[in-house]
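Descriptive analysis of the structure
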Amino acid sequence: MQTHQYDVVIVGAGGAGMRAALESSTRARTAVLSKLYPTRSHTGAAQGGMCAALGNVEEDNWEWHTFDTVKGGDYLVDQDAAEVMAKEAIDAVLDLEHMGLPFNRTPDGKIDQRRFGGHTRNHGEAAVRRACYAADRTGHMILQTLYQQCVKQDVAFFNEVYALDLLLTHDLMAGDVPADEEVKVAGVVAHDLATGELHVFRAKSVILATGGAGKIYKTTSNAHTLTGDGMALAYRKGIPLEDMEFFQFHPTGLAGLGILLSEAARGEGGILRNSEGERFMERYAPTIKDLAPRDMVARAMANEVREGRGCGPNKDYVLLDLTHLEPAHIDAKLPDITEFARTYLGVEPYTEPVPVYPTAHYAMGGVPTTIRGEVLRTNTAVVGGLYAAGEVACVSVHGANRLGTNSLLDINVFGKRAGIAAAEYSAAAELPELPESPGAAVTALLDRVLGGDGTEKVAVLRRELQEAMDAGAQVFRTAESLEATLATIGSLKERYASVAVQDKGKQFNTDLLEAVELGFLLDLAEVVVVGALAREESRGGHFREDFPARDDARFLQHTMAYLRQAPDGGTQVELGAKPVTITRYQPMERKY
Ligand SMILES: Cc1cc2nc3c(=O)[nH]c(=O)nc-3n(C[C@H](O)[C@H](O)[C@H](O)COP(=O)(O)OP(=O)(O)OC[C@H]3O[C@@H](n4cnc5c(N)ncnc54)[C@H](O)[C@@H]3O)c2cc1C
């Protein structure tokens, strides 16, 4: 087992990780670990845009953006964080421009901006053009630009290296560490895919930037690798997860597949229609119609299907109509997603509407952080040296429902903040001692999977988990559906104990890593469902049919889920609550 030593170790080389690395590596000795080659990170799949109130095309300002973010998140957003994000958005876009990102331009050479759901002028008057974009490849351009800058800055990358354990100075699982005790991070343990060797990375600061967890669902826009590793690593160490019951279902996944068609399609004028050809969003959101926030559009679509106005032989999807747009406009602004429709559904978007249905897209919840990116272990105490940024984190700027284009923004603003904070912390900190035999837990985990003669297969268990989540914890939820899903997760966890893999080798054993990732998914799915059961209200992306109203009296608060030792010797999920930070905007009824 090799041991490395750095000031700052960043886990994840997506947008958040690399934006952090650009700051940290100029201030402190920094290493970036990534289970993927950096430019394969999911940020590269982002399509539609990154918002900032530049006001290049129409009047706009950051205060309107803050308000839209708070209202879009159904008032569960921490308003101090939303304000930071909306203000710093402008520099975040300009930073990328100065790094060379090829944004689309207006005729007079400014960064062009397009409309996106829930982004409005003057607190909801009309949709506003706030999303900066590079055709429908904005994330690809961001990821490539950041990677080039990291290469230029000689950032040390360890690619195809999986972080599998987080090392802390204290054991938090018993829940008995006093709030004023100084708990610190000491490093991470990682598995090198090429060799199968374990590496220990000692560090004064660690930044988790591991992205989302969409693979808890079957129908998802997320890449296969989005298994919530960073969330699960923190959670297994007794660090809470915040607001995990809030998962975003993006309205326009390709029907039956879940592959994403960006909201930019509607930003550019696309219209959703039901089997009667009706523009049904006019009924649900009369002011901004198809550009209502995602939770509302996804629910409206699911409702149309339930009420028998779905399209196709099984009446189980609706249509995204682009046929009234000029082909040249489609080619210029939406080249990739229209190609997806041709390739995967054999539909020609110039002349035929595209079958679409909601797809699991984004984790609003995650590892709780302050606005400096510091990871919280209670409502107020931080873990010294531990930071999180990007989709793995919950700041919380997205509350109960994220607005489109606010994530590419989030990763840049809070990636940068976490990079600076982690480097500054490391400059003043001592290197903490490692716990005794730091690699033992990971070795035991991998040996169990490799040595096991169990009969359970990873792919089978994963499929059953994903199907149970699609069936019981999707756009619509009830106590009954959630309890059924929770029971399935419980039995899958038992079966997981006898999971085995065919490949027993050391090198490039992706079988083995998928087994580990399945363990993460099972833990996280349980947190999602336990949180969803406890939240007896409907807010943003979490819609309980048995509690269809928002209930601010009981639930205007964040959920904090802790993994704790259970009396029977096992572990259990324990729920707590954290107040929402409200500065300017008192909760109002949410109408568009
Ligand atoms: C299809 C699609 C389109 C989207 N379009 C938009 C859009 O237009 N606008 C917008 O704002 N948002 C969009 N989003 C959301 C947004 O792209 C993501 O939320 C964001 O890019 C996440 O960035 P990240 O840096 O947090 O994580 P990622 O980019 O997912 O990177 C995660 C990194 O962590 C690494 N990693 C994970 N686990 C481990 C481990 N155990 N050990 C080591 N490394 C690990 C991976 O290798 C990877 O480098 C889209 C998402 C999808 C799926």
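Residue positions are given per chain, counted from 1 along the sequence in the order it is written. In view of the model being predicted, local features appear only for residues whose pLDDT reaches at least 70, and side-chain atom pairs are presented and counted only at 80 or more, with totals across whole chains, interfaces and linings using the full set of residues. Side-chain metrics rest on all non-hydrogen atoms present in the structure, leaving aside hydrogens and water.

**Some details on the UniProt feature "modified residue: Tele-8alpha-FAD histidine" (unreviewed entry) in the protein**
Using the residue numbers shown here, the UniProt feature "modified residue: Tele-8alpha-FAD histidine" (unreviewed entry) corresponds to His42. By the secondary structure assignment, His42 is in the loop between β2 (30-34) and β3 (50-51). Residue burial is assigned from relative accessible area. The probe radius is 1.4 Å, only protein chains are included, and a residue is buried under 20% of its type maximum, exposed over 50%, and partly exposed in between. Classification of His42 by relative accessible area gives partly exposed; the value is 24%. UniProt positions are given in the numbering used here, feature names are shortened, and annotations may be inferred rather than shown by experiment. Secondary structure elements follow DSSP: runs of H or I of four or more residues count as helices, runs of E of two or more count as strands, with numbering from the N terminus.

**Side note on the side chain of Asp60**
Take Asp60: it is sitting in the loop between β3 and α2 (62-72). On the basis of relative accessibility, which here comes to 12%, the residue Asp60 falls in the buried class. Contacts described as polar in this section are N or O atom pairs within 3.5 Å, which, within protein, must combine one atom able to donate a hydrogen with one able to accept it, while residues neighboring in sequence count only if both atoms come from side chains. Here the side chain of Asp60 touches Arg130 through a polar contact of 2.8 Å, side chain to side chain. Contacts were defined at the residue level, with two residues in contact if any of their heavy atoms lie within 4.5 Å. Apart from residues lying up to four places away in sequence, Asp60 is in contact with Ala53, Gly55, Val128 and Arg130.

**Observations concerning the domain arrangement of the protein**
Domain start and end points were adopted from an automatic or database domain assignment. Entries for the protein in the domain assignment read domain 1 (251-358) and domain 2 (440-558). Computed from C-alpha coordinates alone, the two centres of domain 1 and domain 2 are separated by 30 Å. The interface is formed by seven residues belonging to domain 1 together with seven residues belonging to domain 2. A quick way to say it: buried area is the sum, across both parts, of accessible area lost when two parts are put together, with a 1.4 Å probe. When domain 1 packs against domain 2, the two sides together hide about 560 Å² of surface, and 63% of this comes from carbon and sulfur. By the criterion of area lost to domain 2, the three top residues of domain 1 are Asp295, Arg299 and Arg306, representing 71% of everything that side buries. Salt bridges are identified by distance alone: a Lys or Arg side-chain nitrogen within 4 Å of an Asp or Glu carboxyl oxygen. Among the salt bridges present, the one from Glu545 reaches Arg306, with a minimum N-O distance of 2.9 Å. At six residues, the largest contribution of residues to the side of domain 1 that touches domain 2 is made by helix α8 (residues 294-306). Tallied by class, the residues present in the side of domain 1 that touches domain 2 amount to three nonpolar, one polar and three charged. Gly is placed with the polar residues, together with every amino acid not listed as nonpolar (Ala, Val, Leu, Ile, Met, Phe, Trp, Tyr, Cys and Pro) or charged (Asp, Glu, Lys and Arg).

**Concerning the packing of α2 against helix α3 (residues 79-99)**
Orientation of α2 relative to α3, taken along the N-to-C sense of each, is 140°, at an axis distance of 8 Å. On the basis of the axis angle, α2 is oblique to α3. Note that α2 runs across α3; the crossing there is right-handed. Taking contact as the criterion, the partners of Trp62, His65, Thr66, Thr69 and Val70 in α2 are, on α3, Gln79, Ala82, Glu83, Met85, Ala86, Lys87 and Ala89. Residue composition of the contact of α2 with α3, by class: six nonpolar, four polar and two charged. Between N-to-C directions, angles cover 0 to 180 degrees, with each direction set by a line fitted to C-alpha atoms, over the stretch in contact for helices. Under this scheme an angle from 65 to 115 degrees is roughly perpendicular, one under 35 degrees roughly parallel, and one over 145 degrees roughly antiparallel; angles in between are oblique. Handedness of a crossing is defined here by the sense of rotation of the near helix relative to the far one, left-handed for an anticlockwise turn of less than a right angle and right-handed for a clockwise turn.

**Here's the deal with the site of the ligand**
Contacts to the ligand come from 39 residues, most closely from Ser41, His42, Thr43, Glu391 and Leu408. Contacts to the ligand include Leu36, whose backbone N or O atom sits 3.0 Å from an oxygen atom. The method behind every accessible area is Shrake-Rupley, applied with a 1.4 Å probe, and residues are considered shielded solely by the protein chains displayed. In isolation the ligand has 1000 Å² of accessible area, and contact with the protein removes 98% of it. Among the elements of the structure, α1 (15-24), β2, β7 (161-168), β14 (354-363) and α11 (406-428) are those that each provide at least two residues to the shell around the ligand. A per-element tally of the shell around the ligand places α11 first, with four residues. Per-class residue counts for the shell around the ligand are 16 nonpolar, 19 polar and four charged. Any residue with at least one heavy atom within 4 Å of a molecule or strand is counted as near it.

**As for the side chain of Thr220**
Along the chain, Thr220 falls in the loop between β9 (198-208) and α5 (229-236). In this structure, Thr220 is in contact with Gly214, Lys215, Leu257, Gly258, Ile259, Thr359 and Ala360, ignoring residues within four places of it in sequence.

**Looking at the packing of aromatic side chains**
Stacked, edge-to-face and tilted labels apply to pairs of Phe, Tyr and Trp rings (six-membered ring for Trp) whose centres lie within 6.5 Å, assigned for plane angles under 30 degrees, over 60, and everything in between, in that order. The final tally for this structure, using the stated rule, is 12 aromatic pairs. Their ring planes at 50° and their centres at 6.2 Å tell us that Phe247 and Phe249 sit as a pair that is tilted. With respect to class, Phe247 is no different from Phe249; both count as buried. On the basis of an interplanar angle of 70° and a centroid distance of 6.5 Å, the ring pair of Tyr387 and Tyr425 is categorised as edge-to-face. Taken together, the residues span a long stretch of sequence, with Tyr387 in strand β17 (residues 382-388) and Tyr425 in helix α11 at a distance of 38 residues. Take Tyr425: its relative accessible area is 22%, and that puts it in the partly exposed class. Connected via pairs of aromatic rings, a cluster forms that spans Tyr6, Phe158 and Phe201.

**Comments concerning the pairing of β17**
A large share of β17 lies buried, amounting to six of its seven residues. Pairs of strands are assigned from DSSP output, requiring at least two bridges between the strands. In this structure, β9 lies alongside β17, joined through three bridges in parallel fashion. The residue bridging Leu208 from the neighbouring strand is Ala388, located in β17. Two strands pair when backbone bridges link them, and strand β16 (residues 374-376) and β17 are joined in this way by two bridges, in the antiparallel orientation. Across the sheet, Leu376 pairs through a bridge with Val382, a residue of β17. Counting the residues that bridge the hairpin from β16 to β17 gives five residues.

**Describing the sheet that holds β3**
Across the sheet, which stays open at both edges, the three strands sit in the order β3-β5-β4 with antiparallel pairing between neighbours. If you trace the sheet from one side to the other, it starts and ends with β3 and β4 (113-121), each paired once. Pairing between β3 and strand β5 (residues 126-132): two bridges, direction antiparallel. Considered in β5, the bridge of Met50 is made with Cys132.

**Focus: the sheet that holds strand β10 (residues 241-242)**
The three strands lie next to each other as β10-β21-β22, forming an open sheet whose pairing is antiparallel. Two strands lie at the open edges of the sheet, namely β10 and β22 (571-579), each paired on one side alone. Inspection of the sheet shows β10 paired to strand β21 (residues 557-565) by two bridges, in the antiparallel sense. Bridging from a neighbouring strand, Leu241 pairs with Ala561 of β21. Against the sheet, helix α15 (residues 510-534) makes contact with β10, β21 and β22, and its axis sits at roughly 55° relative to β22, the strand it touches most.

**A look at the pattern of salt bridges**
Enumeration according to the criterion identifies 51 salt bridges in this entry. Its salt-bridge partner being Asp165, residue Lys237 comes within 3.3 Å of it at the nearest N-O pair. Residue Lys237 is found in the loop between α5 and β10, and its partner Asp165 is found in strand β7; the two are separated by 72 residues along the sequence. Asp165 gets classed as buried once you look at its relative accessible area, which sits at 9%.

**A look at unusual backbone geometry**
Put simply, Val395 and Ser396 share a cis peptide bond, and its omega is 5°. By secondary structure assignment, the location of Ser396 is in the loop between β18 (393-394) and α11. The backbone phi angle of Asp74 is positive, close to 55°, even though this residue is not glycine. Turning to its location among the elements, Asp74 is positioned in the loop between α2 and α3. Looking at Asp74, the relative accessible area reads 6%, which means it is buried. Unlike most non-glycine residues, Ala135 shows phi in positive territory, near 45°. The topology assignment puts Ala135 in the loop between β5 and α4 (138-152).

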